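# Structural characterization, general
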Amino acid sequence: MMSLYSQYVVHIKAYGSSIEKTGTGFFLKNYLITAGHVANGCSHIKFRFREQLFELSCAESLKYLDVSYGDMHQDGLDVAIFEFKDVESPFDLSEKRPQIGDVLEIISVKHIMKQVLPTGSIFPMMQDSYNHINCKAEIVGFLGKYLRCRTEESLEEGRSGCPCLVDNHVCAILHGGDGDISHDCYFLESTFIKEVLNTIAG
């Protein structure tokens, strides 16, 4: 089942005049959603979807950006919403708030470099490759608008914005982690993303 969802999760590269960042996003109807800090300060993003490379201008396609979460990661939001052509994505946002003890499914993308041998060449070359990684997380607490979860594995840089599912519905997106061995990470609840989408729709 997760393979159905994984194809709609993409690795994002965000660029500015002196900035290059990475993150993860997912498609929801005609939007690409990721963490706000991934797009903040950038002029455009690039991602590969269905074997095609896309580039979106922040000036034209970024419909909402909020990085008001502050140092405590509890009061504000961390979300960026880009307009994209309508994609028949299976993702939707959960109608209910998950509870402490719930086990969630995280879908992220890991960027790796792999060695390939081009046709007709004797010299190998390095090529970008993207692996979808599924892991589980248990909710251990709440911090304002964020879920505090303990994940099976460390979610390193480049995973921010990835969707977290409960009963096959997106209940949160990854904001960040504390980087210690406990694998504690914080996820912005989808309830607040839904409020933003309703505002955009007018």
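Let us look at the structure shown here. Quick caveat: nothing in here was measured; it's all calculated off a predicted structure. (Residues numbered from 1 in each chain as written. Predicted model: local features only at pLDDT ≥ 70, side-chain atom pairs only at ≥ 80, totals over all residues. Heavy atoms only, no water.)

## Brief notes about the pattern of salt bridges
Under the counting rule described, the total for this entry stands at seven salt bridges. Residue Glu95 is joined to Lys194 by a salt bridge in which the shortest nitrogen-to-oxygen separation is 2.9 Å. Here Lys194 lies in helix H4 (residues 190–201) and Glu95 lies in the loop between strand E7 (79–83) and strand E8 (103–116), a separation of 99 residues in the sequence. Assessed through its relative accessible area of 22%, Lys194 is described here as partly exposed. With a closest N to O distance of 2.8 Å, Glu189 and Arg97 form a salt bridge. Pair noted here: Glu189 is in strand E13 (residues 184–189) and Arg97 is in the loop between E7 and E8, with a separation of 92 residues, a long-range link. Given the relative accessible area of 41%, Arg97 is considered partly exposed. Each of Arg148, Arg150 and Asp184 takes part in one network of salt bridges that share partners. (Salt bridge = Lys/Arg side-chain N within 4 Å of Asp/Glu carboxyl O. Helix = DSSP H or I, 4+ residues; strand = E, 2+ residues; numbered from the N terminus. Buried < 20%, exposed > 50% of the residue type's maximum accessible area, 1.4 Å probe, protein only.)

## A look at the side chain of Ser108
Mapping Ser108 onto the fold places it in strand E8. We classify Ser108 as buried; its relative accessible area is 1%. A polar contact is formed between the side chain of Ser108 and the side chain of Arg159, at a distance of 3.0 Å. With sequence-adjacent residues up to four places away left out, Ser108 is seen in contact with Thr24, Asn131, His132, Ile133, Arg159 and Cys162. (Polar contact = N/O pair within 3.5 Å; in protein donor to acceptor, adjacent residues only side chain to side chain. Contact = heavy atoms within 4.5 Å.)

## Things to note about the nonpolar core
Ranked by size, the top nonpolar core spans 45 residues in total, and within it Phe27, Ile33, Phe47, Phe82 and Phe91 carry the most contacts. Setting aside anything within four residues of it in sequence, one finds Phe82 in contact with Asn30, Tyr31, Leu32, Thr34, Ala39, Ile45, Leu56, Cys58, Ser61, Leu62 and Lys63. Core analysis: the second largest hydrophobic core is formed by 16 residues, Ile106, Leu155, Cys162 and Val166 among them. (Core = buried A, V, L, I, M, F, W, Y, C linked by side-chain atoms within 4.5 Å.)

## Section: the layout of surface pockets
Quantified by volume, the second largest pocket comes out at close to 230 Å³. Lining of the second largest pocket is provided by Leu28, Lys29, Asn30, Tyr31, Asp92, Leu93, Glu95, Lys194, Leu197 and Asn198. The biggest single contributor to the lining of the second largest pocket is H4, with three residues. (1 Å grid on protein atoms, 1.4 Å probe; cavity = no way out; pocket = protein on both sides within 12 Å on 5 of 7 lines; lining within 4 Å. Points joined across faces, edges and corners; volume = space filled by probe spheres on them.)

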